[in-house]
Amino acid sequence: MSDLCHVLEERIGELAGGADVDPTLERLRAHAEECPRCRSLLLQTERALEIYRRTRPAGPSGATLERLRHQARSVLLQERRAQTAWAWNRRLAVAASFVIVAGLGFYLLRGQIERPAAPPLIEHRNPIPEETREPAPSAPKLEQPPEVQAAEPRPDAGSVSPLAPEEAGEAKPPREGYAPAQPFPAVSPPAGEVRAPQRRDVVPQSSAPAKVEAPSAPAEFARARSSDLASRERPGEMSRESPADAYESSGRAALTARQPNPVVARCRELGSQARRNESDQVARGSALLAAADCLRAAEPEEAVDLYLEAASADPALRSSIEQRLLDLQESNVLPQAVRDRIAEWSRGGA
Amino acid sequence: MTERSDEELMGAFVAGQAEAFDLLLQRHQSGLFAFLARQLGDSALAEDLFQEVFLRVVRHRHQFRSDGRFAPWLYQIARHACVDQHRRARLRAADSLDHPAQRDGPAGECLADRMPAAGEDPEAQVLRAELKAAVDEFLTELPSEQREVFLLRTDAELSFPEIAETLGCPLDTAKSRMRYAVATLRRRFGIHPVARVSGGGR
């Protein structure tokens, strides 16, 4: 019994398995081929192992294996869903954080964003230096009758608002030192319309804007018209009203005011001039008729005289004069002597 | 195409590939089930434990170290499952068809094992039952340390380094235990009449 026989007996467990690759085991196998005792030992061991392996359990059932596969897939799927949900939650959290930070930043920076816009507003409210002021661009337009302006608006007529000089029809360079109101877009009125400024803080305090404020109220318009009528040389060019109506209304206004009426005086002067016109009886009659219409309300007795003279100057005016005299009689403003005189004139004519 | 190792398959399974788990299950189902069945002596119980072991693998897959070996890790889980099962078995009082027929008898024989399989020759059934009883008797005779090494080597077909890693013992210790277990086996089956009878027939 050699040393190899002892080694083989000690390592018979490794030899019987046969799976491990070892040079020593190969040498022991070679020894077992030559040694009958070792060969018998190895054979008995391998035979016993073979018997043992015959009783090896068959293995788990297919149902168990399938159940395991299914459970493994379920666990993986749940884990994947959880990861997906976590990923989405993380994205949502990041997005929400971004929104919160952005909103907070906007809230904090909003004041700083709005402050830079303030200087133009303050600069705009500052009064314009005296040396940079110019007369209002549309002030001379008030020399024309406002009624004419309103009746015939020019398409290129510009606004007189100082807030929007660039929108006027005439191209005018922006005034120096006067910001043309970018923070406040100017709303110009329609062409031809004269509007008073709406922003008190931007109205220039010089004398020029005072001329800009054109009288737009009816009372102011009527006053301007009456003063304009008084300055006219020829009554027929005063307004679009008929001369008689215009003079009559002016005479009534003077009578109501109980003040010396320059219109009445002017009408008397016109009547005197008409009386002196001996060359053209027709023109004389028309002038006398106009003067009588003017004086009819204020001085009805003088008007009656003028009517009668106009009828004698131009017989063609007789019918209209008779109607006017009839109206005066019915108004009971004439004394009885004058009324008798009218009645006598009417009978004479008839 | 080279065959992927167990460790590569486990890594793929940890990464979320269910097919890798299928391959691992296919590779180790026979050896693990045999180890469990021999250890427990109960096929039905072994099947339950087999499922439990692989479910533990699935649940604790993230604990598998990438530099470790899969087989020792798997059989460590199986050993722990067997220990837990033995603890539970002590508390179990009611007998069932799966319960061992004789408490002091050979391990692994249950009432269901005594029932003849369908279509099997009665004589072969008798021989098979005798052989199984002899094997169970042999395993019962073995000390638990030797039995574990023997089962891991013959049924699980692990290498001695893997056995040593699984059991947490030195390599020479594992080889020595195997030597004694094989000596016991040889004594019982080397001249066993069943071995002589069934050696040429099956």
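Conventions adopted
- In every chain, residue numbers begin from 1 and rise along the written sequence.
- Written order decides the labels, with chains lettered from A and ligands numbered from 1.
- Since the coordinates come from a predicted model, pLDDT governs what is reported: local features require at least 70, and pairs of side-chain atoms require 80 or more to be given and counted, while whole-chain, interface and lining totals use all residues.
- Note: side-chain values were computed over all heavy atoms of the structure, leaving out hydrogens and water.
- Each helix is a run of DSSP H or I of at least 4 residues and each strand a run of E of at least 2, with the numbering of both proceeding from the N terminus.
- Think of it in three bands: with a 1.4 Å probe and only protein chains considered, a residue is buried below 20% of the maximum accessible area for its type, exposed above 50%, and partly exposed in between.
- The contact criterion used is simple: two residues touch if any of their non-hydrogen atoms lie within 4.5 Å.
- Whenever a helix is involved, its axis is fitted only over the stretch in contact; in every case the axis is a line through C-alpha atoms, and angles between N-to-C directions fall within 0 to 180 degrees.
- In what follows, roughly perpendicular refers to angles from 65 to 115 degrees, roughly parallel to angles under 35, roughly antiparallel to angles over 145, and oblique to any angle outside these ranges.
- Take the far helix as your reference; a near helix turned counterclockwise from it by less than a right angle gives a left-handed crossing, and one turned clockwise gives a right-handed crossing.
- Residues are grouped as follows: Ala, Val, Leu, Ile, Met, Phe, Trp, Tyr, Cys and Pro are nonpolar; Asp, Glu, Lys and Arg are charged; all remaining types, including Gly, are polar.
- Accessible area that two parts lose when put together, with a 1.4 Å probe and added across both, is what the buried area reports.
- Whenever a carboxyl oxygen of Asp or Glu lies within 4 Å of a side-chain nitrogen of Lys or Arg, that contact is scored as a salt bridge.
- By convention in this document, the label disulfide applies to cysteine sulfur atom pairs within 2.5 Å.
- Patch membership is restricted to residues that have no salt bridge and whose relative accessible area is over 30%. Joining uses 9 Å for like charges and 5 Å for the nonpolar side chains Val, Leu, Ile, Met, Phe, Trp and Tyr.
- Areas reported here follow the Shrake-Rupley algorithm with a probe of radius 1.4 Å; residue values treat only the protein chains shown as occluding.
- The predictor rates its confidence in each residue with pLDDT, a number between 0 and 100.
- Between rings of Phe, Tyr and Trp, where Trp is taken as its six-membered ring, a pair exists when centres lie within 6.5 Å; planes separated by under 30 degrees are stacked, by over 60 edge-to-face, and by other angles tilted.
- Here, a charge over a ring is recorded when the distance from Lys NZ or Arg CZ to the ring centre is within 6 Å and its angle to the ring normal is within 35 degrees.
- Helices are assigned an expected span. That span is 1.5 Å times one less than the residue count.
- The definition of a polar contact used here is a pair of N or O atoms within 3.5 Å, where within protein one atom must be able to donate a hydrogen and the other to accept one, and adjacent residues in sequence count solely through side-chain atom pairs.

Description of the overall build of chain B
- Looking only at helices and strands, chain B features nine helices and zero strands.
- Ordered by position from N to C terminus, the α and β elements of chain B give α-α-α-α-α-α-α-α-α.
- Taking all 202 residues of chain B together, 48% fall into the buried category.
- A separation of at least 24 residues holds for 58% of the contacts in chain B among residues at least 6 apart in sequence.

Quick notes on the packing of helix α13 (residues 300-313) of chain A against helix α14 (residues 318-330) of chain A
Residue and element names in this part refer to chain A.
- The interhelical angle for the contact between α13 and α14, taken along N-to-C directions, is 160°, at an axis separation of 10 Å. Here α13 lies roughly antiparallel to α14, going by the angle between them. Judged by the twist between their axes, the crossing of α13 over α14 is left-handed. Here α13 contributes Pro300, Val304, Tyr307, Leu308, Ala310 and Ala311 to the contact with α14, which in turn contributes Ile321, Arg324, Leu325 and Leu328.
- Its residues assigned to classes, the contact of α13 with α14 shows nine nonpolar, no polar and one charged.

A look at the interface of chain B and chain A
- At the junction of the two partners, chain B supplies 47 residues and chain A supplies 38 residues.
- Contact between chain B and chain A buries roughly 3900 Å² in total, counting both sides, with carbon and sulfur atoms accounting for 60%.
- On the chain B side of the interface with chain A, the three residues burying the most area are Gln51(B), Arg179(B) and Arg186(B), jointly 15% of the side's total.
- Where chain B packs against chain A, one counts five salt bridges.
- Taking the shortest distance from any N to any O, the salt bridge between Lys175(B) and Glu14(A) comes out at 3.7 Å.
- When residues of the side of chain B that touches chain A are traced back to their parent elements, those giving at least two are α2 (18-40), α3 (43-59), α5 (122-141), α6 (144-154), α8 (171-189) and α9 (193-201) of chain B.
- Its residues placed into classes, the side of chain B that touches chain A shows 23 nonpolar, twelve polar and twelve charged.

Side note on the state of the cysteines
All names here are of chain A.
- In the structure shown here, the tally under the stated rule is one disulfide over all chains.
- Between the sulfur atoms of Cys267 and its disulfide partner Cys294 the distance amounts to 2.0 Å. Across the disulfide from Cys267 to Cys294, rotation about the S-S bond amounts to roughly 70°, and the bridge is consequently right-handed. Of this pair, Cys267 sits in helix α11 (residues 262-276) while Cys294 sits in helix α12 (residues 281-295), and the two are 27 residues apart along the sequence.
- No disulfide involves Cys5; its sulfur sits 3.3 Å from the nearest other cysteine sulfur, which is in Cys38.
- For Cys5, a relative accessible area of 3% corresponds to the buried category.

Looking at the pattern of salt bridges
Residue and element names in this part refer to chain A.
- Applying the stated criterion to the full structure yields 29 salt bridges over all chains.
- With its nearest N and O atoms 3.1 Å apart, the salt bridge here joins Arg266 to Glu269. Taken together, the residues span about one helical turn, with Arg266 and Glu269 both in helix α11 at a distance of three residues.
- A residue is classified by how much of its surface remains accessible, and Glu269, at 37% relative accessible area, is partly exposed.
- Note that Arg324 is salt-bridged to Asp293, the shortest N-O span being 2.7 Å. In this pair, Arg324 sits in helix α14 while Asp293 sits in helix α12, placing the two residues 31 residues apart along the sequence.
- For Asp293, a relative accessible area of 4% corresponds to the buried category.

With respect to a nonpolar patch on the surface
- Where nonpolar side chains cluster on the molecular surface, the patch consists of Leu104(A), Tyr107(A), Leu108(A) and Leu109(A) and spans about 440 Å² of accessible area.
- Residue classification places Leu109(A) among the partly exposed positions, given a relative accessible area of 43%.

Looking at the confidence of the model for chain B
Residue and element names in this part refer to chain B.
- With 78% of its residues at a pLDDT of 70 or more, chain B shows a mean pLDDT of 81.
- Note that residues 102-112 has pLDDT below 50 and, in this model, 31 contacts with residues that lie over four places away or in other chains.
- Contacts from residues 192-202, a stretch scored under 50 in pLDDT, to residues over four places away or in other chains number 14 contacts.
- Scored as a whole, the predicted complex attains pTM 0.49, and scored at its interfaces, ipTM 0.77.

Some details on the packing of aromatic side chains
- Throughout the structure, instances matching the rule amount to twelve aromatic pairs over all chains.
- With a centroid separation of 4.8 Å and 70° between ring planes, the pair formed by Tyr52(A) and Phe150(B) is classed as edge-to-face. A residue pair is termed interchain when its members come from two chains, as with Tyr52(A) in helix α4 (residues 36-54) and Phe150(B) in helix α6. Note on accessibility: Tyr52(A) and Phe150(B) belong to one class, buried.
- Members of the aromatic cluster, connected to one another through ring pairs, are Phe13(B), Phe21(B), Phe33(B), Phe50(B) and Phe54(B).
- A cation over an aromatic ring shows up here: Arg91(A) above the ring of Trp88(A), its NZ or CZ 4.9 Å from the ring centre.

Some thoughts on the packing of α2(B) against helix α4 (residues 70-91) of chain B
Residue and element names in this part refer to chain B.
- At their nearest, the axes of α2 and α4 sit 11 Å apart, and the two run at 35° to each other. Considering the relative orientation of α2 and α4, their crossing is right-handed. For the pair formed by α2 and α4, the contact residues are Leu24, His28, Gly31, Leu32, Phe35, Leu36, Gln39 and Leu40 on the first element and Phe70, Ala71, Leu74, Tyr75, Ala78, Arg79, Cys82, Gln85 and His86 on the second.
- Grouping the amino acids of the contact of α2 with α4 by side-chain chemistry returns eleven nonpolar, five polar and one charged.

Some words on α12(A)
Residues and elements named next belong to chain A.
- With 15 residues, α12 should reach 21 Å at 1.5 Å per residue; the first-to-last C-alpha distance of 21 Å fits that figure.
- Buried within α12 we find Arg284, Gly285, Leu288, Leu289, Ala291, Ala292, Asp293, Cys294 and Leu295.
- The distance from a side-chain oxygen at the start of α12 to the backbone nitrogen of Val282 is 3.2 Å, and the residue carrying that oxygen is Asp280.

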